[in-house]
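So you can see what is in the structure, the chains are spelled out below.
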Amino acid sequence: QAQLVESGGGVVQAGGSLRVSCAASGSMFNTYTISWYRQGPGKQREWVATISSGGVTNVADSVKGRFTISRDNAKNTAYLQMNSLKPEDTAIYLCKAWKTWGTDYWGQGTQVTVFS
């Protein structure tokens with residue numbers, strides 16, 4: 001099982017950068033795929049990025065070229081580096097650890113606010 005805690009959110013001006021972190025406790029972090037999702041005010045949750053246990057990454061078209069997902073298995077932590085932030089990126093950012101046919105584990109989220 002996994003327990004996830006997000007951090008690193010904050011308030012930033014449009015064009016700026018933030019890096020949010022997803023720290024995991026429990027065993028076998030390196031075997032899980034990690035995904036980032038976000039939910040903005042009045043919007044549905046949307047998928048942002050994924051990194052597999054083998055380090056293969058994929059990001060949503062809406063953030064491609066601006067956001068980078070990574071992981072440091074030695075630190076049991078995954079990251080989402082967010083550059084060139086836009087007001088529409090304002091959301092609660094949540095991470096999920098998951099396996100096919102397995103249980104999904106969610107963090108509580110960290111707030112990112114981008115102002116123009």
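Values in this document were obtained by computation on a predicted structure and should not be read as measured data.

Reading the values: the criteria
Residues numbered from 1 in each chain as written. Predicted model: local features only at pLDDT ≥ 70, side-chain atom pairs only at ≥ 80, totals over all residues. Heavy atoms only, no water. Buried < 20%, exposed > 50% of the residue type's maximum accessible area, 1.4 Å probe, protein only. Helix = DSSP H or I, 4+ residues; strand = E, 2+ residues; numbered from the N terminus. Pairing = 2+ DSSP bridges. Phe/Tyr/Trp six-rings, centres within 6.5 Å; stacked < 30°, edge-to-face > 60°. Lys NZ or Arg CZ within 6 Å of the ring centre and 35° of its normal. Disulfide = S-S within 2.5 Å.

## Concerning the pairing of strand 11 (residues 110–115)
Then step 1. Of the two faces of strand 11, only the one carrying Thr110, Val112 and Val114 is buried; Gln111, Thr113 and Phe115 on the other face are not.
Then step 2. With 3 bridges joining them, strand 9 (residues 91–98) and strand 11 adopt antiparallel strand pairing. Looking at strand 11, one finds that alanine 91 is bridged to valine 112.

## Quick notes on the packing of aromatic side chains
Then step 1. Counted according to the given criterion, the structure contains 2 aromatic pairs.
Then step 2. With a centroid separation of 6.1 Å and an interplanar angle of 75°, the aromatic rings of tyrosine 32 and tyrosine 105 are classed as edge-to-face. Residue tyrosine 32 is found in the loop between strand 3 (18–25) and strand 4 (33–39), and its partner tyrosine 105 is found in strand 10 (residues 105–106); the two are separated by 73 residues along the sequence.
Then step 3. Owing to a relative accessible area of 8%, tyrosine 32 belongs among the buried residues under this scheme.
Then step 4. Aromatic pair tyrosine 37 and tryptophan 106: ring centres 5.1 Å apart, planes at 50°, arrangement tilted. Placement of the pair is tyrosine 37 in strand 4 and tryptophan 106 in strand 10, with a sequence separation of 69 residues.
Then step 5. Residue classification places tyrosine 37 among the buried residues on the basis of a relative accessible area of 13%.
Then step 6. The lysine or arginine in question, arginine 71, covers the ring of phenylalanine 29, its NZ or CZ lying 4.8 Å from the ring centre.

## A short note on the state of the cysteines
Here is the idea: a disulfide is a covalent bond, and it sits between the sulfur atoms of two cysteines.
Then step 1. Counted by the stated rule, this structure contains 1 disulfide.
Then step 2. A sulfur-sulfur separation of 2.0 Å characterises the disulfide bridge that pairs cysteine 22 with cysteine 95. Between cysteine 22 and cysteine 95 the disulfide shows an S-S torsion of about 70°. By sign, it is right-handed. Taken as a pair, cysteine 22 in strand 3 and cysteine 95 in strand 9 lie far apart in primary sequence, 73 residues in all.
Then step 3. Taking the relative accessible area as the measure of exposure, cysteine 22 reaches 0% and is therefore buried.
Then step 4. Take cysteine 95: its relative accessible area is 0%, and that puts it in the buried class.

Function cannot be inferred from these measures alone, as they are strictly geometric.
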